[in-house]
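Geometric and topological summary
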Amino acid sequence: MDSSIEQKIEQANKQDIDLAPLLDVVFILLIFFIVTTVFVRETGVDVDKPTAISSQDLQKSVLLLAITKRQEVIYGGTNIGLSGVRATLMQATRNEMRPLIIQSDRQVTTELLVKVIDQAKLAGIENVSIATVSE
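Keep in mind it's a predicted model, so treat the numbers as computed, not measured.

Another point: the packing of aromatic side chains. By the definition in use, this model includes one aromatic pair. Ring centres of Phe-32 and Phe-33 lie 5.4 Å apart, and the angle between their planes is 65 degrees; this geometry places the pair in the edge-to-face category. For Phe-32, a relative accessible area of 47% puts it in the partly exposed group.

Shown next, in the form of structure tokens:
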């Protein structure tokens, strides 16, 4: 009888660490970091941008459009072509008006660049900029 009583006393004296509050804190921190992370939007293609002395940084909540040296118009990593620019930009700005930045390769013809800008203007975008690299 003494050994069973000793075992019960020994088990009562053991204290387990409750990990539930620790896990709750870890999950709350994880959710906080996921929600507050700023995701950088990229066009998904590498573009050799032209240089300009007057280049400046613009705000982060912009629409990015890329024109590659193969004359492809890329939005969100997808080739939308010239014909898809207007509809895509109208869809992207239906809730709020945002500026558009066009990342055009050096080898892109001026004609294609002007056509893309025209389609953006027809979509209702008033502020269109061309991405450059500082000299």
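Right, let's talk about the pattern of salt bridges for a bit. Within this structure, the stated rule accounts for two salt bridges. For Glu-72, the salt bridge identified is with Arg-70, shortest N-O distance 3.6 Å. Using a relative accessible area of 24% as the deciding quantity, one classes Glu-72 as partly exposed. For Arg-70, a relative accessible area of 63% gives the class exposed. The salt bridge involving Lys-115 is made with Glu-111; its shortest N-O contact spans 3.3 Å. Of the two residues, Lys-115 and Glu-111 are both situated in helix H4 (residues 110–122); the distance of four residues between them amounts to about one turn of the helix.

Attention now moves to the packing of helix H3 (residues 85–92) against H4. One way to put it is that H3 packs onto H4 with a least axis distance of 8 Å and a crossing angle of 40 degrees. Of the possible angle classes, the one that applies to H3 and H4 is oblique. Crossing of H3 over H4 shows right-handed handedness. Where H3 abuts H4, its residues Val-85, Arg-86 and Leu-89 lie against Val-116, Gln-119, Ala-120 and Leu-122. Residues that form the contact of H3 with H4 fall into these classes: five nonpolar, one polar and one charged.

One open sheet accounts for five strands, arranged S4-S3-S2-S5-S6; its pairing is mixed. The sheet terminates laterally at strand S4 (78–79) and strand S6 (128–130), the two strands that pair on one side only. In this sheet, strand S3 (residues 73–75) lies alongside strand S2 (residues 63–67) in antiparallel orientation, the contact comprising two bridges. By the bridge assignment, Ala-66 is partnered in S3 with Ile-74.

Here H4 is 13 residues long and its end C-alpha atoms lie 18 Å apart, about the 18 Å a rise of 1.5 Å per residue gives. Those residues of H4 lying buried are Leu-112, Leu-113, Val-116 and Ala-120. The buried residues of H4 occupy an angular sector of 100 degrees when the element is viewed end-on, so they sit on one face. The exposed residues of H4 that point more than 90 degrees off its buried face are Thr-110 and Glu-111. Buried residues along H4 sit in contact with S2, S3, H3, strand S5 (100–104) and S6. Residue Gly-124 follows H4 closely and has a positive phi angle near 100 degrees.

Thresholds, definitions, all that
Residues numbered from 1 in each chain as written. Predicted model: local features only at pLDDT ≥ 70, side-chain atom pairs only at ≥ 80, totals over all residues. Heavy atoms only, no water. Phe/Tyr/Trp six-rings, centres within 6.5 Å; stacked < 30°, edge-to-face > 60°. Buried < 20%, exposed > 50% of the residue type's maximum accessible area, 1.4 Å probe, protein only. Salt bridge = Lys/Arg side-chain N within 4 Å of Asp/Glu carboxyl O. Helix = DSSP H or I, 4+ residues; strand = E, 2+ residues; numbered from the N terminus. Axes fitted to C-alpha atoms, helices over the stretch in contact; angles between N-to-C directions. Parallel < 35°, antiparallel > 145°, perpendicular 65-115°, else oblique. Left-handed = near helix turned anticlockwise from the far one by under 90°. Contact = heavy atoms within 4.5 Å. Nonpolar A, V, L, I, M, F, W, Y, C, P; charged D, E, K, R; others polar. Pairing = 2+ DSSP bridges. Expected span 1.5 Å × (residues − 1). Arc of directions from axis to C-beta.

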